[in-house]
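Secondary and tertiary structure notes
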Amino acid sequence: MKKYDVVTTISYPKKGAMGKTGSWRVFKPILDKDKCIKCLRCWIFCPEGTIIRKKDDSVEIDYEYCKGCGVCANVCPVKAIVMEREAEI
Amino acid sequence: MRVIIDTGNYISAKAAQMAKPDVVAAYPITPQTTIVEGIAKYVEDGEFSGEYICVESEHSAMSACIGASAAGARTFTATSAHGLLLMHEMLHWAALARLPIVMVNVNRAIGPGWSIWADENDSVAQRDTGWLQFYCSSNQEIFDTIIQAYRLAEHKDVQLPVMVSYDGFILSHTSMPVQIPEQNEIDDFILKRVPQWKLDVDNPVTHGNIIMPKDYPSIRRAMQDAQEKALELIPEITEEWRKRFGTYHGDLVECYRCDDAEFILIAVGALGAESKVAIDELREKGRRVGLARLRVFRPFPKQAVVELAKKADLIVLDRNISVGMEGAFFSEVKAALYGSSDAKVYGYIAGLGGKDVTYKDIEAMCEKVMDGKYKGYEWYDLEGE
Amino acid sequence: MAIKDMSLEEIVLSGNAACPGCPSTMGLRIVFKALGKKTILVIPACCTSVIESLYPYTSFDVPVLNIAFEAAAAAASGVVSALRMQGREDINVVVWAGDGGTYDIGIQAMSGAFERNTNFLYICYNNQIYSNTGIQRSGATPYAAWTTTTVGGKREFSKDMGAIVRAHNIPYAATATVSYPEDLFRKVMKAKSIKGPKYIEILAPCPPGWRFSMDKTVEMGKLAVETGIWPLYEYENDKMAFNGKSKLIFEGKIERKPVEEWLKLQGRFSNLFKPQRDEERLRRIQEYVDHMWERFKQCRD
């Protein structure tokens, strides 16, 4: 990554530019791998890119950044993802 | 080197062609129109190497220049009056983005009513946009300043856009002989643009996203530093030009018969040229008066003005009015002197909306001051007075 | 292309400033699976200019030029010209603008760029409001929708932007929604392969703006298509072709669902149902949808 010297609003790509957005969550997606049929609908619809797609098309959830919107649970055709309330802090 | 005789606008088009911008984006407006026509002719004749975007508004002209410049291109545009005002938002954008766009502005009065004649209020109203501003007094100076503007804007320590202004019709549509260097000489002088940042798929950055209060002031401060650097660079660039090509119009200021002057007239643009005739006449009469024609409004040549005030009292002529205050140059000259000089500063507003100001008028204004008849800030020759 | 065949590359990075359930990032992820990294984005003021996150960092892994609200298509014109001068016509230049920046303040620059035959892709993600400023009406806001500037419901219908765009006779224009990723992906691929101005408008159901639960973004887009209020089509070489469920609707193979099914799930239309049903306005909206499809059929005939 080349950095520029000139002073203007130049911003550089960074994962977590707004911090660990997983802390925004109220509900948490829980994946049941046994139910998953690897259709990847959760992966393509996730607005955050926090459904991690593996080589074999199985998926994992990146809880560090998942904001807990619940879209994945809603689009899952086999209900392999359910939303659970985060533990009280 | 050859000499051509042409109008200020066609000379602008010639300079733009020889500066070899990659992208020109422009929209026609009187009295700038013959510039875009001139460039269109070069395009049609295969004598223009860049892309010419005929946009649908001046706002888009400046936006397209910003897009092109951000992608690494050298850019040119030209406008006037209402076109410049429509661009206003994007003028700020270009400067804050540190893009070395060069633009010609043909000074014209602002409506209503529709006035197409010379008046500095259009460009003076862009004072705070971060653009460097030059004012020219001859077609040779127009050519030289446009070329020099690229060298200055693209200097790695400047990286700010430059506006080159001159009076509508008085210069834009008047033919004068102009010395034109060879293309290779221009190429050698301007150098190639080296973008200091750009939209680059191999090095992706985001330009212009949200910036918090703690970071914003340093962006502004860097622009101020760049303008101050330009104050040092302008005399170097004009001097280098003089050595290479022989023409010279002053650096920040052009001084004319200022030695031993008790009064120095400060004027801008074509009024500056007219003032030289007035100074000659007054000198004939034995009056100790000289002329300092300000070539640069931004960065404001504060130190140069302080030096003038060490020698003489100052008379400032403004073809603009900051309504509710006074002429912009009058204000700025006084601000430059505050705390550094006891010189008296007299001011006149003259020539708004293209109202003719002859050397006789200028002589009369100077004599009124020199004869102790000046009664306070004055609008010269208002209709009905 | 099947979802499985789409790229794993992520251009919009996690941990950005988007609201949960955001249709903009949802759409961008799909769009970039088609566009790839050789893309320059031009973004006017809109939600996405916030989603990028705060200086000196960005959540976008392609070059982005933020530009004034009304200036995106003009700035893109400049980028396109500069790239052509550099011999880099392999790079996609894409405007990503909201409906405010497209239907309203940016329409002039967009029209100019289309007329000049600029080689770029203009994508409008249409959430039918000025959402970035806190949900105000735009030229794309539907009739009867609550916004903070149409407190009793908007009194006018939205502009027919599709017709306005088609009137420029550009080589490709299409509608899409985030709810059908294969359809959106295919349309972006198609647009990418065509030289000249391309326009894709993506219906972007906005949870806070439309007042629905943030897990329902996909559902809301689907219902818009199934009720016919958001037809999916492609306009290419002067020909309209409907896609997906809209094609089935157009061909009479399935019935449109009543538009009410879409309306009743959104809090912004609650004034149509509470305290009592507003039959008059509900009828007008259904008629609006019916007329739209009538017009489509007349065009075919």
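In every chain, residue numbers begin from 1 and rise along the written sequence. All chains are assigned letters beginning with A, and all ligands numbers beginning with 1, in the order in which they are written. The predicted nature of this model means local features are confined to residues of pLDDT at least 70 and side-chain atom pairs, given and counted, to a pLDDT of 80 or more, with totals for whole chains, interfaces and linings taken over all residues. Only hydrogens and water are removed before side-chain values are computed, so all heavy atoms of the structure are retained for them.

1. Re the side chain of Gln227 of chain B
- Tracing the backbone through its elements, the reader meets Gln227 of chain B in helix H8 (residues 216-245).
- The residues touching Gln227 of chain B, leaving out its near neighbours within four places in the chain, are Gly130, Trp131, Leu132, Leu160, Arg298 and Pro299 of chain B. Each helix corresponds to a stretch of at least 4 residues labelled H or I by DSSP, and each strand to a stretch of at least 2 residues labelled E; elements are numbered beginning at the N terminus. Note on definitions: a residue-residue contact is assigned when non-hydrogen atoms from the two residues lie within 4.5 Å.

2. Brief notes about the confidence of the model for chain B
- Of the residues in chain B, 99% reach a pLDDT of 70 or more, and the chain-wide mean stands at 97.
- Confidence of the predictor at the level of single residues is given by pLDDT, which spans 0 to 100. Looking across chain B, the model is least confident in strand E16 (residues 378-379) of chain B, with a mean pLDDT of 93, and most confident in helix H3 (residues 58-70) of chain B, with 99.

3. Describing the sheet that holds strand E7 (residues 162-167) of chain B
Residues and elements named next belong to chain B.
- The criterion for strand pairing is that DSSP finds at least two bridges linking the strands in question. If you trace the seven strands from one edge of the open sheet to the other, you get E3-E2-E4-E5-E7-E6-E13, paired in mixed fashion. The sheet is open, and its two edges are formed by strand E3 (51-54) and strand E13 (296-298), each paired on a single side. Direction aside, the axes of adjacent strands within the sheet are offset by 20 degrees on average.
- Pairing geometry for strand E5 (residues 102-107) and E7, over six bridges, is parallel. Within E7, the position partnered with Met103 by the bridge is Met163.
- Relative to strand E4 (residues 75-79), H3 is tilted by about 165 degrees, and along the sheet it contacts strand E2 (23-26), E3, E4 and E5. Each axis is a line fitted through C-alpha atoms, and for a helix only the stretch in contact is used; angles between axes span 0 to 180 degrees, taken between their N-to-C directions.

4. Topic: the domain arrangement of chain B
All names here are of chain B.
- You can read the domains of chain B as domain 1 (2-245) and domain 2 (253-379).
- The source of the domain bounds is an automatic or database domain assignment. Once you take the C-alpha centre of each, domain 1 and domain 2 turn out to be 27 Å apart.
- Across the boundary between the two partners, domain 1 contributes 27 residues, which contact 24 residues of domain 2.
- Buried area is calculated as the accessible area (1.4 Å probe) missing from two parts once they are joined, with the contributions of both summed. When domain 1 packs against domain 2, the two sides together hide about 2000 Å² of surface, and 54% of this comes from carbon and sulfur.

5. A few points about the packing of helix H6 (residues 139-153) of chain B against H8 of chain B
Residue and element names in this part refer to chain B.
- The geometry of H6 relative to H8 is characterised by a closest axis approach of 10 Å and an angle of 130 degrees between their N-to-C directions. Classified by the angle their axes make, H6 and H8 are oblique. Seen from above, H6 lies across H8 with right-handed handedness. On H8, the residues that touch Phe143, Asp144, Ile147, Gln148, Arg151 and Leu152 of H6 are Ala230, Leu233, Ile234, Ile237, Thr238, Glu240 and Trp241.
- Of the residues assigned to the contact of H6 with H8, the class counts are eight nonpolar, two polar and three charged. In this scheme, roughly parallel covers angles under 35 degrees and roughly antiparallel covers those over 145, while 65 to 115 is roughly perpendicular and the rest are oblique. Left-handed describes a crossing in which the near helix is turned anticlockwise from the far one by less than a right angle; the clockwise case is right-handed. Only Asp, Glu, Lys and Arg are considered charged in this grouping, and only Ala, Val, Leu, Ile, Met, Phe, Trp, Tyr, Cys and Pro are considered nonpolar; every other residue, Gly among them, is considered polar.

6. Comments concerning the sheet that holds strand E4 (residues 92-98) of chain C
- In space, the eleven strands of this open sheet follow the order E2(C)-E1(A)-E9(B)-E3(C)-E1(C)-E4(C)-E5(C)-E7(C)-E6(C)-E8(C)-E9(C), with mixed pairing throughout. The open sheet has two free edges, formed respectively by strand E2 (57-58) and strand E9 (239-242) of chain C, since each of these has just one partner strand.
- Judged from the six bridges that link them, strand E6 (residues 172-177) of chain C and strand E7 (residues 198-203) of chain C form a sheet pairing that is parallel. Looking at E7 of chain C, one finds that Tyr172 of chain C is bridged to Lys198 of chain C.

7. Description of unusual backbone geometry
- Cis peptide bonds are those with omega within 30 degrees of zero, and the linkage from Thr30 of chain B to Pro31 of chain B qualifies with 0 degrees.
- Note that the residue after Lys274 of chain C, namely Pro275 of chain C, is joined by a cis bond; omega there is 0 degrees.
- With respect to the helices and strands, the residue Pro275 of chain C is situated in the loop between helix H11 (260-263) and helix H12 (279-300).
- Positive phi outside glycine occurs at Gln159 of chain B, with the angle close to 50 degrees.
- Mapping Gln159 of chain B onto the fold places it in the loop between H6 and E7.
- A positive phi angle, close to 70 degrees, is found at Leu191 of chain B, a residue other than glycine.

8. A word on the pattern of salt bridges
- Just to be clear on terms, a salt bridge is a Lys or Arg side-chain nitrogen sitting within 4 Å of an Asp or Glu carboxyl oxygen. Per the stated rule, a full pass over the model turns up 66 salt bridges over all chains.
- With a closest N to O distance of 2.6 Å, Glu141 of chain B and Arg295 of chain B form a salt bridge. Of this pair, Glu141 of chain B sits in helix H6 while Arg295 of chain B sits in the loop between strand E12 (289-294) and E13, and the two are 154 residues apart along the sequence.
- For Lys159 of chain C, the salt bridge identified is with Asp104 of chain C, shortest N-O distance 3.9 Å. Of this pair, Lys159 of chain C sits in the loop between strand E5 (121-126) and helix H6 (161-166) while Asp104 of chain C sits in helix H4 (residues 100-104); the two residues are 55 residues apart in sequence, bridging distant segments of the chain.
- The buried label goes to any residue with under 20% of its type's maximum accessible area, the exposed label to any with over 50%, and the partly exposed label to all in between, with areas taken from a 1.4 Å probe on protein chains only. According to the relative accessible area criterion, Asp104 of chain C is partly exposed, its value standing at 24%.
- By sharing partners, the salt bridges in this structure join Asp183, Arg186, Lys187, Lys190, Glu234 and Glu236 of chain C into a single network.

9. A look at the interface of chain A and chain C
- With 36 residues of chain A at the interface, the matching set in chain C holds 40 residues.
- For the pair chain A and chain C, the summed buried surface comes to about 3100 Å²; carbon and sulfur atoms form 59% of the total.
- Remark: the boundary between chain A and chain C carries one salt bridge.
- For Asp57 of chain A, the salt bridge is made with Lys4 of chain C, and the minimal N-O distance between the two is 3.7 Å.

10. Looking at the state of the cysteines
- Two cysteine sulfurs form what is called a disulfide whenever their separation falls within 2.5 Å. Evaluation of the coordinates by the stated rule reveals zero disulfides over all chains.
- Here Cys366 of chain B is not cross-linked by a disulfide; its sulfur's nearest cysteine counterpart is in Cys258 of chain B, at 12 Å.
- Looking at the unpaired Cys47 of chain C, the closest cysteine sulfur is the one in Cys206 of chain C, lying at 6.3 Å.

11. Some thoughts on the packing of aromatic side chains
- Stacked, tilted and edge-to-face are the three classes assigned to paired rings of Phe, Tyr and Trp, where Trp is represented by its six-membered ring and a pair needs centres within 6.5 Å; plane angles under 30 degrees give stacked, over 60 edge-to-face, the rest tilted. This structure, assessed with the given rule, holds 30 aromatic pairs over all chains.
- Seen in terms of ring centroids, Phe189 of chain B and Phe245 of chain B are 6.2 Å apart; in terms of plane orientation they differ by 65 degrees. Their pairing is edge-to-face. Pair noted here: Phe189 of chain B is in helix H7 (residues 183-190) and Phe245 of chain B is in helix H8, with a separation of 56 residues, a long-range link.
- Look at Trp262 of chain C and Phe269 of chain C: their rings are 5.9 Å apart centre to centre, the planes differ by 50 degrees, and that puts the pair in the tilted class. No difference in accessibility class separates Trp262 of chain C from Phe269 of chain C, as the two residues are buried.
- One aromatic cluster is present, built from ring pairs that chain together Phe263, Tyr346, Tyr348, Tyr374 and Tyr380 of chain B.
- One Lys or Arg, Lys14 of chain A, reaches over the ring of Tyr57 of chain C and ends 4.0 Å from the middle of that ring.
- Lying across the ring of Tyr256 of chain B, Lys276 of chain B places its NZ or CZ 5.6 Å from the centre. Two thresholds decide whether a charge sits over a ring: the Lys NZ or Arg CZ must be within 6 Å of the ring centre and within 35 degrees of the ring normal.

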